[in-house]
Amino acid sequence: MKSAVENLNPTRVRLTVEVPFEELKDSLDAAYKKINQQVTVKGFRKGKIPARVIDQRFGRGAVLEEAVNDALPKFYTEAVNEAELNVLGQPEVDITELKDGETLNFTAEVDVRPAIEIPDYSGIEVEVDAVEVTDEDIDKAVSDLRERFASTSPVERAAEDGDVVTIDLEAKVDGEVLEDGIASGVSYTIGSGELLDGIDDAVKGLEAGGEATFTSELKGGSAAGKEAEVAVKVTQVAARELPELDDDFAQLASEFDTLDELKADSRKRLENMKQYDQATQAQERVLEKLLELVEVPVPEKLLEDEINTRKHNLEHHQLGQMGLDLAKYLEIQGKTEEEFDAETKEAAIKGIKTQFVLDELVNKEKLNVNQEELTEHLMRRAASSGMSPDQFAQAVVEGGQVPMLVGEVARGKALAVVVEAATVKDTNGEIVDLDDEEDETAETVEAADAEAADAEDKPEA
């Protein structure tokens, strides 16, 4: 077999392959054997029909077609390996010549990963938010905790902001009560915004037994997105009572004995959260700077597939679960379809470039992934998916997704290398130490991977 490579553009090549006919022997034998098992000829036992009889009865062309279909993937793969190509997706194959007993010639056009040159990234500088926890932050954290331990007691008065009302609801669309539009004994805190728009104004001022109607756009259910007339009846009004902010509250709401200890712990927790957010912000901004430094051509077919995948996932999974269609989603977001398409394309390009650049860094820095790193990453992914580690691991193995996870970890390590080399300052001008933040880096890359087509894992032929 002989093969040659023609570069059509930085991300696409054409392979020209010439195969001597003798190299088709194994595939021809397999073709005769397969046809033998599929047909019957009077006078011959099944599976024992001579090749010449098959040629006479069914045509040599049918055998050649079967043999070529069997052989093409093997010869294509050999040509790809010989040229050391990093191909993306499926090739477009064209048989240019097939002469029985002489030769098989074909071409295969396929997208390839572009050659990327990683420049010196040690000069990258980014600014991030400073980690500052104020007394107001502490007060809000303690206040939120206090709200969670509030108690309620029924009152005989009109409902006010902050009260907890027990209500019955009935929704009608076009005058018809919806099958899923009736609910009884619903507990609702006035002002929380957790139910329908307009319900706060409807129930405020009502005492137990009071009724009102209002119109609102339904957020879910069989008539999601439609205007409904909603009847509401208040069956109980209860006032919320907050516990006193003292040592007794600290003992009730935490493992601490005093309110001062509870506040000190709240400060520490908030500092940790802001440090995590700061690290994530640093990684995202370093990644953006890195992508600005590198010229990355994006394969058109890969980009088209990625855009279509993103749209499909949004329309048929995310929006479907919320009872919305794309038009309603865009209306809520205040975007036109053109703006949505432009944003989707931009995000797809960024995701693909991120993978290409970080994969090249993995090769350049000779980064490897050990079993412990893979296991830790798997545990994080399992937690975010809501599955147990064993369930997630089984799904990964059965789906052949282990290489994908390895790639995510490796890219996380590659980004960590760049972040370590970069200069990160906060808004106060202080140098930020991002040591021991590799887990957050991995999650930053994981988010990018989740938005990008993992081209390396797509079938080659």
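The rules behind each value
Residues numbered from 1 in each chain as written. Predicted model: local features only at pLDDT ≥ 70, side-chain atom pairs only at ≥ 80, totals over all residues. Heavy atoms only, no water. Helix = DSSP H or I, 4+ residues; strand = E, 2+ residues; numbered from the N terminus. Rg over C-alpha atoms; globule rule 2.2 N^0.38 Å. Buried < 20%, exposed > 50% of the residue type's maximum accessible area, 1.4 Å probe, protein only. Contact = heavy atoms within 4.5 Å. Areas by Shrake-Rupley, 256 points an atom, 1.4 Å probe, with all protein chains shown as cover. Core = buried A, V, L, I, M, F, W, Y, C linked by side-chain atoms within 4.5 Å. Pairing = 2+ DSSP bridges. Axes fitted to C-alpha atoms, helices over the stretch in contact; angles between N-to-C directions. Parallel < 35°, antiparallel > 145°, perpendicular 65-115°, else oblique. Nonpolar A, V, L, I, M, F, W, Y, C, P; charged D, E, K, R; others polar. UniProt positions renumbered as here; feature names shortened; annotations may be inferred. Patch = residues over 30% accessible without salt bridge, like charges linked within 9 Å, V, L, I, M, F, W, Y side chains within 5 Å. Salt bridge = Lys/Arg side-chain N within 4 Å of Asp/Glu carboxyl O. pLDDT = per-residue confidence, 0-100. Lys, Arg positive; Asp, Glu negative; His and termini not counted. Charge placed at Lys NZ, Arg CZ, Asp CG, Glu CD. Phe/Tyr/Trp six-rings, centres within 6.5 Å; stacked < 30°, edge-to-face > 60°.

### Description of the overall build of the chain
A tally of regular secondary structure across the chain gives 14 helices and eleven strands. By the compact-globule yardstick of 23 Å for 461 residues, the chain is too spread out, its C-alpha radius of gyration being 32 Å. Over its C-alpha atoms, taken along the principal directions, the chain stretches across nearly 100 × 65 × 45 Å. Per-residue burial for the chain yields a buried fraction of 39% across its 461 residues. If you take every contact in the chain between residues at least 6 apart in sequence, the share linking residues at least 24 apart comes to 69%. Accessible surface, the chain: about 26,300 Å² in total, of which carbon and sulfur atoms supply 45%.

### Details of the nonpolar core
By size, the foremost hydrophobic cluster in this structure holds 36 residues, and its most contacted members are Ile124, Leu290 and Leu361. The element best represented in this core is helix H10 (residues 337-364), accounting for seven residues. Those residues in contact with leucine 290, other than ones at most four positions away along the chain, are Tyr121, Ile124, Val357, Leu358, Leu361 and Val418. Listed in part, the 31 residues of the second largest apolar core include Ala67, Ala71, Phe75 and Val110.

### A word on the sheet that holds strand E1 (residues 2-9)
Spatial ordering of the open sheet is given by E1-E2-E4-E3, a layout of four strands whose pairing is antiparallel. Strand pairing shows two members of the sheet lacking a second neighbour, E1 and strand E3 (87-99), which therefore form its edges. Shown here is a sheet whose adjacent strand axes are inclined to one another by a mean of 20 degrees, direction ignored. Taken together, the seven bridges between E1 and strand E2 (residues 12-20) define a ladder with antiparallel strand orientation. Bridging across to E2, glutamate 6 finds its partner in arginine 14.

### Looking at the packing of helix H7 (residues 259-293) against H10
Where H7 meets H10, the closest approach of the two axes is 10 Å, and the angle between their N-to-C directions is 85 degrees. Accordingly, the angle class assigned to the pair H7 and H10 is roughly perpendicular. Every residue of H10 that contacts H7 at Leu287, Glu288, Leu290 and Leu291 is listed here: Lys350, Lys353, Thr354, Val357, Leu358 and Leu361. A breakdown of the residues in the contact of H7 with H10 according to their chemical character gives six nonpolar, one polar and three charged.

### A closer look at the UniProt feature "domain: PPIase FKBP-type" (unreviewed entry) in the chain
Mapped onto the present numbering, the UniProt feature "domain: PPIase FKBP-type" (unreviewed entry) falls at residues 162-215. Helix and strand shares over residues 162-215 are 9% and 54% respectively, and the end C-alpha atoms of the span are 22 Å apart.

### Here's the deal with a nonpolar patch on the surface
Together, Val93, Ile95 and Leu98 make up a nonpolar patch on the protein surface, roughly 220 Å² of accessible area in all. Position of isoleucine 95 relative to the elements: it lies in strand E3.

### Side note on unusual backbone geometry
Within the chain, glutamate 84 stands out as a residue other than glycine whose phi angle is a positive 55 degrees. Along the chain, the position of glutamate 84 falls in the loop between helix H3 (60-83) and E3. Positive phi outside glycine occurs at lysine 366, with the angle close to 50 degrees. Structurally, lysine 366 is set in the loop between H10 and helix H11 (371-385).

### Observations concerning the pattern of salt bridges
Evaluation of the coordinates by the stated rule reveals 29 salt bridges. For lysine 34, the salt bridge goes to glutamate 66, with nearest N and O atoms at 3.1 Å. In this pair, lysine 34 is assigned in helix H1 (residues 25-38) and glutamate 66 in helix H3, connecting sequence segments 32 residues apart. Classification of lysine 34 as partly exposed rests on a relative accessible area of 40%. You can call glutamate 66 partly exposed: its relative accessible area is 26%. Among the ionic pairs, arginine 60 bridges to aspartate 100, the shortest N-O distance being 2.8 Å.

### Regarding the confidence of the model for the chain
It should be kept in mind that the predicted coordinates are not to be read in detail where pLDDT is low. Per-residue confidence for the chain gives a mean pLDDT of 89, with 94% of residues at or over 70. Low pLDDT (under 50) marks residues 450-461, which in the prediction has 35 contacts with non-local residues, meaning those over four places away or in another chain.

### A closer look at a negative patch on the surface
The grouping of Asp247, Asp248, Asp257, Asp260 and Glu261 at the surface amounts to a negative patch. Elements that contribute at least two residues to the negative patch include exactly helix H6 (247-253) and H7. Secondary-structure assignment places glutamate 261 in helix H7. We classify glutamate 261 as partly exposed; its relative accessible area is 37%.

### Here's the deal with the packing of aromatic side chains
Under the criterion given, the structure shown has one aromatic pair. Residues phenylalanine 149 and phenylalanine 249 carry aromatic rings whose centres are separated by 6.2 Å and whose planes lie at 90 degrees to one another, so their mutual orientation is edge-to-face. Linking phenylalanine 149 in the loop between helix H4 (135-148) and strand E6 (151-154) with phenylalanine 249 in helix H6, this pair joins segments that are 100 residues apart in sequence. According to the relative accessible area criterion, phenylalanine 149 is partly exposed, its value standing at 30%.

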